[in-house]
Amino acid sequence: MPTTVPSAALSRSETLYLTGIALACAAILVRTFEGEGEPLIASLALSGIAFSASYAMIRWLGPTFIKAGLKGRDLSKVNNSHYIPECMGGICAVVYLLTIIVFIPFPFYKDIVVATSGGGNRDVVMNVEFVQQGRLLHKFPHSKLASYLSAIISLQSITLLGIGDDLFDIRWRHKFFIPAFASIPLLVIYFIDFGVTSIVLPTFVQPYVGRELFDLGFLYYGYMSAFSIFSPNSINILAGVNGIEVSQSVIIALLLAFNDAIYLLTPYPHPATDSHLFSLYLLLPFLGVSLALLLHNWYPARVFVGDTYCYFAGMVFVVVSILGHFSKTLILLLVPQIFNFLYSIPQLFGLVPCPRHRLPHFNARTGLLEPSVTKWDAGADADTPKGYKQPRLVIARALRLLARLHLLQLREDENGLIRETSNLTILNLWLVWRGPMREDRLATELTVMQALLGLFGLFVRHRLALLIFREDNWSIRGAV
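So, here's what we can say about the structure.

### Here we look at the overall build of the protein
Inference 1: In terms of helices and strands, the protein carries 19 helices and 9 strands.
Inference 2: Looking at the protein as a whole, 49% of its 480 residues are labelled buried.
Inference 3: When contacts within the protein are restricted to residue pairs at least 6 apart in sequence, long-range pairs at least 24 apart make up 71% of them.
Inference 4: Within the structure as shown, the protein displays about 23,900 Å² of accessible surface, and the carbon and sulfur contribution to it stands at 65%.

Structure representation (C-alpha cells):
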C-alpha cells in the first residue's frame, strides 16, 4: 500500500528566508503611506508577502490535504509508493484573493484623501455645491473600483469551480461552460465603463469596406465570453508533467507584465497607463503565489496543483485582458495553448477515442517519458479490452495523413490495420518530434518554447502589425 509523505515542516533556513521576505515587504508597505500611497510599490510588497504565505501554507497544509483524501501518486516516477497532496493550487488562489482584497485601498488612496473630509484635506476650502454629506463623491473613481471588484467576483467564482472540480471530479462536458458565468461581472462592467465593440480593419481591407472600424456589436461580448471559457480550460488541458501548468502560467504572466511595462515606461503620458497599471496590480500577486507553488510542483513534484490553479490562472489572464482592453494581445501569448486545443479536438469531441488520462507514458526501464498511445483492436468489429474499434475510413485516412506530416505516431500491423496512435496533446507531439526524454527536460523545453513564442507574439503585436495596420497604440502617434 502507498505510504504518506513524511512531516512537511519548513527548514530553519526556509523559515528565516520567508520571514525576512515578509518583514521587508511589510516595512515597504508601511512606508508607502508616507507618500501618496504608491500603489505599484504596495502591490510589489504584497506580492512578496503572498509568496511567503503561499510557500509556507503549501508546506504546512500538505499533510492535512492528504488526511482529507486530496492525494495522489506521481505515475511518472519509479518510486511512486507514497502519496503527495493534490489541489494545492487552491491555497494559492485563496492567498491571492485575500491579497488583492487587502490591496483595495492602495490604488484609491489619493482619491480617498481628496474625496473625504478629515482625510488630510481639512484645510482645503470647497464650495458648498461640491460637497455632499461631507464627501466629494463626484471626485471618487467609482468606475475603477467597480472594475476591480468585478475582477475579484469573477476570480472567486472560478476558484469555487476549480475547488468543486477537484473535490467532486466534475465531468468535462458539465464544467466546460461554467467559466462563462464567472465572466458576467467583467462583461457588465466592460459594457458600462468602456463599451467599445469595434475592431480596426487591416489597411488592405479598408478600401473594399469603406471604413477603418467595424462594429461587431454584441458579437464582441460573445467573443469575450468564449475567450473566458477557452483560457481557463486551455491551461487545464496542457498538463500532465511536473511543473508544466504553473510554468506556462508564470511565463504568460511575465510576458503580460512586460507588455504592461512597455506602456508605463514611455517618455510621454500614454492614455492606456491606467489600464496597464490595473493589469500589473493583478499580475504581480499572481506571480508571487505562482512562484511559491512552482517551487513545490517542479520536478520532482512534492505537490500537485489540481484543476483549481488551472482555472484560476486562466481567469486571471481573462480579467486583466478584458478590463485592461488588450484581449487580442493575450491571444498572441496563448499560441501553444490554442494549438494544443485545436490538435486535441478529435479526442475532445469524440472523433477519436479519448482515454481519461493522456499524459505521456513513463518507461520505468529507461526512466524516460514516451508518447502515450490509444490502442486499436485488430478486428474491424471487435470491442474487447484489447483496444477500441478500428476508426471509420475518413478518420483512418486523417490519422495516416497526420502521421505522414509527423504530427502523429502511428503503428499498423501486417494487415494494414491501425494498432496504436499517440494521444493528441502537445506534450505527446513534442515527444514524437524530440524522442523520449526526462520529465524535467520536457517541461523545460516546453516552457522555453512558450517564452519564445510569447516574445515573438509581442513582436508581432507591436512591430509586424504595422504592416497591415496604420499604427500601433504603443506608438507616439497612437498616444496623441
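### Some details on the packing of aromatic side chains
Inference 1: Under the criterion given, the structure shown has 22 aromatic pairs.
Inference 2: Seen from their ring centres, F286 and Y309 are 6.1 Å apart, and the 15° between their planes marks the pair as stacked. One end of the pair, F286, is in helix α12 (residues 273-297); the other, Y309, is in helix α13 (residues 306-323), and 23 residues separate them in sequence.
Inference 3: F286 gets classed as buried once you look at its relative accessible area, which sits at 0%.
Inference 4: Judged by its relative accessible area of 0%, Y309 is buried.
Inference 5: The lysine or arginine in question, K71, covers the ring of Y83, its NZ or CZ lying 4.4 Å from the ring centre.

### A few points about the side chain of D260
Inference 1: Within the secondary structure layout, D260 lies in helix α11 (residues 244-264).
Inference 2: Of the side chains with opposite charge, R461 comes closest to the buried, unpaired D260, at an N-O distance of 11 Å.
Inference 3: For D260, the side chain forms a polar contact with the side chain of H276, separated by 2.6 Å.
Inference 4: The contact partners of D260, leaving out residues within four places of it in the chain, are H276, S279, L280, L283 and F326.

### A closer look at the pattern of salt bridges
Pairing is possible between side chains that carry opposite charge, provided their charged atoms lie close to one another.
Inference 1: Inspection of every chain in the model, using the stated rule, returns 10 salt bridges.
Inference 2: Here E14 and R59 are joined by a salt bridge, their closest N and O atoms 2.9 Å apart. You can see E14 sitting in helix α1 (residues 12-31) and its partner R59 sitting in helix α2 (residues 39-67), a full 45 residues away along the chain. Each member of the pair E14 and R59 is classed as buried.
Inference 3: A salt bridge links R438 to D440; its shortest N-O distance comes to 2.9 Å.
Inference 4: Take R438: its relative accessible area is 42%, and that puts it in the partly exposed class.
Inference 5: Through salt bridges with shared partners, one network takes in D74, K77 and E439.

### Points about unusual backbone geometry
Inference 1: Residue P300 is reached from Y299 by a cis peptide bond, and omega for that bond is -10°.
Inference 2: Summarising the element assignment, P300 is placed in the loop between α12 and α13.
Inference 3: Even without glycine at this site, H325 takes up a positive phi of about 65°.
Inference 4: Within the fold, H325 resides in the loop between α13 and α14 (327-333).

### Some details on the nonpolar core
Inference 1: Among the nonpolar cores identified, the biggest contains 80 residues, and Y96, L256, L282, F286, L293 and F317 are the most heavily contacted of them.
Inference 2: Looking at this core element by element, the count peaks at 13 residues for α13.
Inference 3: Apart from residues no more than four positions distant in its own chain, L282 is found in contact with Y96, I100, Y148, A151, V316, V319 and V320.
Inference 4: One finds I244, I426, L427 and M437 within the second-largest nonpolar core, a separate group that totals 14 residues.

### Examining the packing of helix α5 (residues 142-168) against α12
To describe two helices that pack against each other, one gives the angle between their axes and the distance between the axes.
Inference 1: Where α5 contacts α12, the axes come no closer than 12 Å and their chain directions differ by 35°. Like other packed secondary-structure pairs, α5 and α12 cross with a definite hand, here right-handed. Contact with α5, carried on its side by K144, S147, Y148 and A151, involves D274, F278 and L282 of α12 and no other residues of that element.

### Re the pairing of strand β9 (residues 418-422)
Inference 1: Within β9, 4 of the 5 residues are buried, which leaves it mostly tucked inside the rest of the structure.
Inference 2: Bridge count for strand β7 (residues 373-375) against β9 is 3 bridges, and the pairing is antiparallel. Looking across to β9, one finds that T374 is bridged to T421.
Inference 3: In this structure, strand β8 (residues 410-412) lies alongside β9, joined through 3 bridges in antiparallel fashion. Looking at the pairing, E412 lines up with I418 of β9.
Inference 4: The antiparallel pairing of β8 with β9 creates a hairpin that spans 5 residues between the two strands, and G416 there sits at a positive phi of about 80°.

### Regarding the environment of F214
Inference 1: Structurally, F214 is set in strand β4 (residues 213-215).
Inference 2: Under the relative-accessibility criterion, F214 is labelled partly exposed at 36%.
Inference 3: The spacing of F214 and L201 is 13 residues in sequence and 6.8 Å in space, taken between C-alpha atoms.
Inference 4: Not counting chain neighbours up to four residues away, the residues in contact with F214 comprise T197, S198, I199 and L201.

The rules behind these values
Residues numbered from 1 in each chain as written. Predicted model: local features only at pLDDT ≥ 70, side-chain atom pairs only at ≥ 80, totals over all residues. Heavy atoms only, no water. Helix = DSSP H or I, 4+ residues; strand = E, 2+ residues; numbered from the N terminus. Buried < 20%, exposed > 50% of the residue type's maximum accessible area, 1.4 Å probe, protein only. Contact = heavy atoms within 4.5 Å. Areas by Shrake-Rupley, 256 points an atom, 1.4 Å probe, with all protein chains shown as cover. Phe/Tyr/Trp six-rings, centres within 6.5 Å; stacked < 30°, edge-to-face > 60°. Lys NZ or Arg CZ within 6 Å of the ring centre and 35° of its normal. Lys, Arg positive; Asp, Glu negative; His and termini not counted. Salt bridge = Lys/Arg side-chain N within 4 Å of Asp/Glu carboxyl O. Polar contact = N/O pair within 3.5 Å; in protein donor to acceptor, adjacent residues only side chain to side chain. Core = buried A, V, L, I, M, F, W, Y, C linked by side-chain atoms within 4.5 Å. Axes fitted to C-alpha atoms, helices over the stretch in contact; angles between N-to-C directions. Left-handed = near helix turned anticlockwise from the far one by under 90°. Pairing = 2+ DSSP bridges.

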